[in-house]
Amino acid sequence: MTTTEAASENRAIKLNASWRQKLDDQFQADYMQALRQFLLAEKALGKHIFPPGDEIFSALNATDFDAVKVVILGQDPYHGPRQAHGLCFSVKPGVQVPPSLKNIYKELQADVDFEVPSHGCLQDWAQQGVLLLNAVLTVQAGQAASHQGKGWERFTDAIVGLLNKEREGLIFMLWGSYAQKKGAIVDRDRHLVLQSPHPSPLSASRGFFGNHHFSRANSYLESKGKRAIDWQLPMQVSA
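Residues numbered from 1 in each chain as written. Predicted model: local features only at pLDDT ≥ 70, side-chain atom pairs only at ≥ 80, totals over all residues. Heavy atoms only, no water.

**Here we look at the overall build of the protein chain**
Helix and strand content of the protein chain: nine helices and six strands. Computed over C-alpha atoms, the radius of gyration of the protein chain comes to 18 Å, within 12% of the 18 Å expected from 2.2 N^0.38 for 239 residues, which places it in the range of a compact globule. Burial statistics for the protein chain: of 239 residues in total, 51% are counted as buried. In the protein chain, once contacts between residues fewer than 6 apart in sequence are set aside, the share between residues at least 24 apart is 69%. One finds the centroid of the 25 positive side-chain charges in the protein chain at a distance of 3 Å from the centroid of its 24 negative side-chain charges. (Helix = DSSP H or I, 4+ residues; strand = E, 2+ residues; numbered from the N terminus. Rg over C-alpha atoms; globule rule 2.2 N^0.38 Å. Buried < 20%, exposed > 50% of the residue type's maximum accessible area, 1.4 Å probe, protein only. Contact = heavy atoms within 4.5 Å. Lys, Arg positive; Asp, Glu negative; His and termini not counted. Charge placed at Lys NZ, Arg CZ, Asp CG, Glu CD.)

**Remarks on the pattern of salt bridges**
Inspection of every chain in the model, using the stated rule, returns five salt bridges. We note a salt bridge from K92 to E55, for which the minimum N-O separation is 3.4 Å. Here the residue K92 occupies a position in the loop between strand 2 (70-74) and helix 5 (99-112), and E55 occupies one in the loop between strand 1 (49-50) and helix 4 (58-62), the gap between them amounting to 37 residues. Linking K182 and D157 is a salt bridge whose minimum nitrogen-to-oxygen distance equals 2.6 Å. Here K182 is found in helix 8 (residues 177-182), whereas its partner D157 is found in helix 7 (residues 152-166), with 25 residues between them in sequence. For K182, a relative accessible area of 10% corresponds to the buried category. (Salt bridge = Lys/Arg side-chain N within 4 Å of Asp/Glu carboxyl O.)

**A look at the sheet that holds strand 5 (residues 171-175)**
The parallel open sheet is built from four strands, whose spatial order is 3-2-5-6. Both edges of this open sheet fall to strand 3 (130-134) and strand 6 (192-196), since each of them pairs with a single strand only. The average angle at which neighbouring strand axes cross in this sheet is 20°, direction not considered. Lying on the sheet, helix 7 is in contact with strand 2, strand 3 and strand 5; it crosses strand 3 at an angle near 150°. (Pairing = 2+ DSSP bridges. Axes fitted to C-alpha atoms, helices over the stretch in contact; angles between N-to-C directions.)

**Section: the packing of helix 2 (residues 17-28) against helix 3 (residues 30-44)**
One way to put it is that helix 2 packs onto helix 3 with a least axis distance of 4 Å and a crossing angle of 75°. By the angle between their directions, the pair helix 2 and helix 3 is classed as roughly perpendicular. Where helix 2 approaches helix 3, its residues Q26, F27 and Q28 are matched on the opposing element by D30, Y31, M32, Q33 and R36. Considered class by class, the residues forming the contact of helix 2 with helix 3 number three nonpolar, three polar and two charged. (Parallel < 35°, antiparallel > 145°, perpendicular 65-115°, else oblique. Nonpolar A, V, L, I, M, F, W, Y, C, P; charged D, E, K, R; others polar.)

**A word on the pairing of strand 6**
Bridging between strand 5 and strand 6 involves five bridges; their strand directions are parallel. Across the sheet, F172 pairs through a bridge with V193, a residue of strand 6. In this region the chain leaves strand 5, passes through helix 8 and returns to the parallel neighbour strand 6; the handedness of that crossover is right-handed. (Right-handed = clockwise from strand over helix to strand, strands pointing away.)

**What to know about the environment of L39**
Here L39 lies in helix 3. Between the C-alpha atoms of L39 and Q75, which are 36 residues apart in sequence, the distance is 18 Å. Excluding anything up to four places from it in sequence, L39 contacts T138, H147 and W152.

**Re the side chain of K69**
Structurally, the position occupied by K69 is in the loop between helix 4 and strand 2. Of the side chains with opposite charge, E222 lies nearest to the buried K69, which makes no salt bridge, at 9.7 Å.

**Focus on the confidence of the model for the protein chain**
Looking at the protein chain, the pLDDT average stands at 94 and 94% of residues meet or exceed 70. Throughout residues 1-12 the model reports pLDDT below 50, and contacts reaching past four residues in sequence, or to other chains, amount to nine contacts. (pLDDT = per-residue confidence, 0-100.)

**Describing the state of the cysteines**
Counting across every chain of the model gives zero disulfides. Among the cysteines around C88, which has no disulfide bond, C121 carries the closest sulfur, lying 13 Å off. (Disulfide = S-S within 2.5 Å.)

**Digging into the packing of aromatic side chains**
All told, the structure shown has 14 aromatic pairs when counted by the stated rule. Judged by centre distance (5.3 Å) and plane angle (35°), the rings of Y105 and F114 are tilted. The burial state of Y105 is the same as that of F114; both residues are buried. Considering the side-chain rings of W175 and F214, the 6.1 Å spacing of their centres and the 65° angle between planes classify their relative orientation as edge-to-face. A residue pair is termed long-range when its members are at least 10 positions apart, and W175 in strand 5 and F214 in helix 9 (residues 213-223) qualify at 39 residues. For the pair formed by W175 and F214, the shared burial category is buried. Taken together, the ring pairs in this structure connect F89, W125, W175, F208, F209, F214 and W231 into an aromatic cluster. Positioned over the ring face of F27 is R20, at 4.7 Å from the centre of the ring. (Phe/Tyr/Trp six-rings, centres within 6.5 Å; stacked < 30°, edge-to-face > 60°. Lys NZ or Arg CZ within 6 Å of the ring centre and 35° of its normal.)

Take a look at the structure:
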């Protein structure tokens with residue numbers, strides 16, 4: 001890949017101003033430069049990377065720093081065609097709803113009188129202040145966890161650290177041991193931390209079902225004088 005192509009690739013990845021200002025030092029750091037070069041090299045070899053470049057930072061672009069109310073931490077993007085679009089647990093309209101998200105819907109039904117929609121797109125939550133953040137923001141097609149250990153974890157640790165330090169009264173939903181380790185730095189005196197097993201079919205019955213995280217989050221928001229999240233998603237969205 002030429003210098004011109006690399007510059008074009010960098011311009012294709014955009015980040016809204018509220019996050020760009022907070023994270024500028026991360027983008028200048030050596031580890032982030034190395035991560036960028038890794039991604040460029042992978043693409044030069046013809047490997048398909050999910051999500052597309054303009055959707056890598058979708059979680060941050062959908063929810064301004066000062067608008068965040070709830071943080072849900074995932075692990076890494078879905079690695080199937082057309083699934084990942086930068087929001088953890090979410091898939092693009094027209095894509096089959098994954099098993100973990102089906103279980104999230106089941107808990108919502110039991111907890112907040114949720115009606116299951118025909119899709120798995122969680123964009124509506126993001127627009128209300130739910131930061132749907134994966135720990136790793138890219139993946140090679142068909143290769144789960146293939147971009148772990150390349151630098152994304154340090155970048156998203158910085159995001160969690162900024163929210164923990166500079167905001168107050170946030171809700172962190174930590175599902176499963178991976179998310180709980182990543183969220184261990186969160187100050188429980190300043191924020192509400194909700195923990196349970198992961199919604200995966202392998203663990204949902206061991207405590208994810210019945211955790212009441214969605215109603216508990218709204219009760220906490222209202223106690224702080226903030227607007228509750230309307231967890232009900234549109235029944236249909238355009239593909």
